[in-house]
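Structural description and commentary
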Amino acid sequence: MNETNTGTPELTVLAHGRRSEAVVRGRSRFHILRSPDQQSAGTARNVFVLVSATELPSVARFISTVNRRNQLRALLVREDVEPGAILQMFDRAHLKMVRNTILHPDDSVPKRLLTAWAHDAQDQLIAKASVSEDRLFVLSCALKQYEVAFDGMSALKSMSREDRQKFTVADDGSYIHWPGPDIHLDLEAIRTAIDPKARAKALAAKMRHDARYGQAIARVRLAHGLRQSDIAGLSERQVRRIEKGEGATPEALRRLAAGHQLDLDVYLKEIAENLRGTLS
């Protein structure tokens, strides 16, 4: 990606029309263009074009020039015509749907996408999502496509077909939310579900966390002068496995807290402070 001499990527937005201008207002990170002049098309870098479907002819030449230079990051086309007429609008502009063409009905998608790029968070945030029968389709703000089967994720598997369609994407793109079953799903969870490398990375991170957490539990126990066999409701073998990093259930944590004669909140605070002490 092209960068300025400060090391920050140069980002450009062509905001064509009043509605598009409203989306980019106050975005100081971007160089804002309000007219599709060819001089800018020949020099602008990392370009995002915001335009309505009916206004495509006005920016067609600009889009073609930027695309030939491989500097068109996304063409964001607002659907101000019936969905069946979108292709006709592209034909009318003598344009093909270029790579990273994003059709959207309102301003939420371009707002999420531009905000993510402005904060260098495009790889972590969601631009848009859709559901088709048994599959969830997600577009990240880095413009990468993800596809996951509902049956392929334990969090989604039990969701009814009716509930699948009833979701929202957070304004900042941080997660998808299904309010019926109250399920939140972020991009990292989706990657972990479909990418073996991401899944292995997440598992390794969990194992490291569980190991550190288990060690902290052991140190707190020793600081209270307790043996592994002194925790009522947990066998010595269970405590040993927890302290080796095999994880602790909420009920096990409650019994550990009681064994230390502490409220659960106080006990968890002691563990957190112990962990901070080893990481500082």
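Above this text sits the structure in question.
The following refers to the structure shown. (Residues numbered from 1 in each chain as written. Predicted model: local features only at pLDDT ≥ 70, side-chain atom pairs only at ≥ 80, totals over all residues. Heavy atoms only, no water.)

A tally of helices and strands in the protein yields twelve helices and eleven strands. Taken over C-alpha atoms, the radius of gyration comes to 26 Å for the protein, far larger than the 19 Å a tight globule of 280 residues would show. The principal-axis extent of the C-alpha atoms belonging to the protein is close to 80 × 50 × 30 Å. Counting the 280 residues in the protein, one finds 42% classified as buried. Pairs at least 24 apart in sequence give 56% of the contacts found in the protein among residues at least 6 apart. Surface summary for the protein: the accessible area is close to 15,600 Å², and the carbon and sulfur share equals 48%. Distance between charge centres in the protein, computed from 42 positive and 35 negative side chains, equals 5 Å. (Helix = DSSP H or I, 4+ residues; strand = E, 2+ residues; numbered from the N terminus. Rg over C-alpha atoms; globule rule 2.2 N^0.38 Å. Buried < 20%, exposed > 50% of the residue type's maximum accessible area, 1.4 Å probe, protein only. Contact = heavy atoms within 4.5 Å. Areas by Shrake-Rupley, 256 points an atom, 1.4 Å probe, with all protein chains shown as cover. Lys, Arg positive; Asp, Glu negative; His and termini not counted. Charge placed at Lys NZ, Arg CZ, Asp CG, Glu CD.)

Glancing now at the pairing of strand 8 (residues 145-149). The side-chain alternation of strand 8 yields one buried face, formed by Y146 and V148, and one unburied face, formed by Q145, E147 and A149. The pairing of strand 7 (residues 135-140) with strand 8 spans five bridges and is antiparallel. Bridge pairing in strand 8 places F137 opposite E147. Linking strand 7 to strand 8, which pair antiparallel, is a turn of four residues; within it L143 sits at a positive phi near 70°. (Pairing = 2+ DSSP bridges.)

Let us look at the sheet that holds strand 6 (residues 126-132). Ordered by their spatial adjacency, three strands build an open sheet running 6-7-8, and the pairing between neighbours is antiparallel. Two strands in the sheet have a free side with no partner beyond their single neighbour: strand 6 and strand 8. Strand-to-strand, the axes of this sheet are offset by a mean angle of 20°, without reference to chain direction. Relative to strand 8, helix 8 (residues 187-194) is tilted by about 65°, and along the sheet it contacts strand 6, strand 7 and strand 8. (Axes fitted to C-alpha atoms, helices over the stretch in contact; angles between N-to-C directions.)

The subject of this paragraph is the sheet that holds strand 11 (residues 183-185). Ordered by their spatial adjacency, three strands build an open sheet running 9-10-11, and the pairing between neighbours is antiparallel. This sheet does not close on itself; its edge strands, each paired only once, are strand 9 (168-169) and strand 11. Strand direction decides the pairing type here: strand 10 (residues 176-178) and strand 11, joined by three bridges, are antiparallel. For H177, the partnering residue across the bridge sits in strand 11 and is H184.

In this section: unusual backbone geometry. A positive phi angle is found at N70, which is not glycine, with a value near 60°. For D182, which is not glycine, the phi torsion reads 55° and is therefore positive. The topology assignment puts D182 in the loop between strand 10 and strand 11.

Here the focus is the pattern of salt bridges. Inspection of every chain in the model, using the stated rule, returns ten salt bridges. For the salt bridge of R34 with E21, the shortest nitrogen-to-oxygen distance reads 3.7 Å. Here R34 is found in the loop between strand 2 (31-33) and helix 2 (38-43), whereas its partner E21 is found in helix 1 (residues 18-24), with 13 residues between them in sequence. Under the relative-accessibility criterion, R34 is labelled partly exposed at 47%. What emerges from the salt-bridge pattern is a single network uniting E251, R254 and R255. (Salt bridge = Lys/Arg side-chain N within 4 Å of Asp/Glu carboxyl O.)

This part is about helix 5 (residues 108-118). In an α-helix, one full turn covers 3.6 residues, which means residues spaced three or four apart are oriented alike. Every buried residue of helix 5 is listed here: V109, P110, R112, L113, L114, A116 and W117. Downstream of helix 5 by one or two residues, D120 has phi in the positive range, about 55°.

Don't take any of this as a statement about function, it's just geometry.
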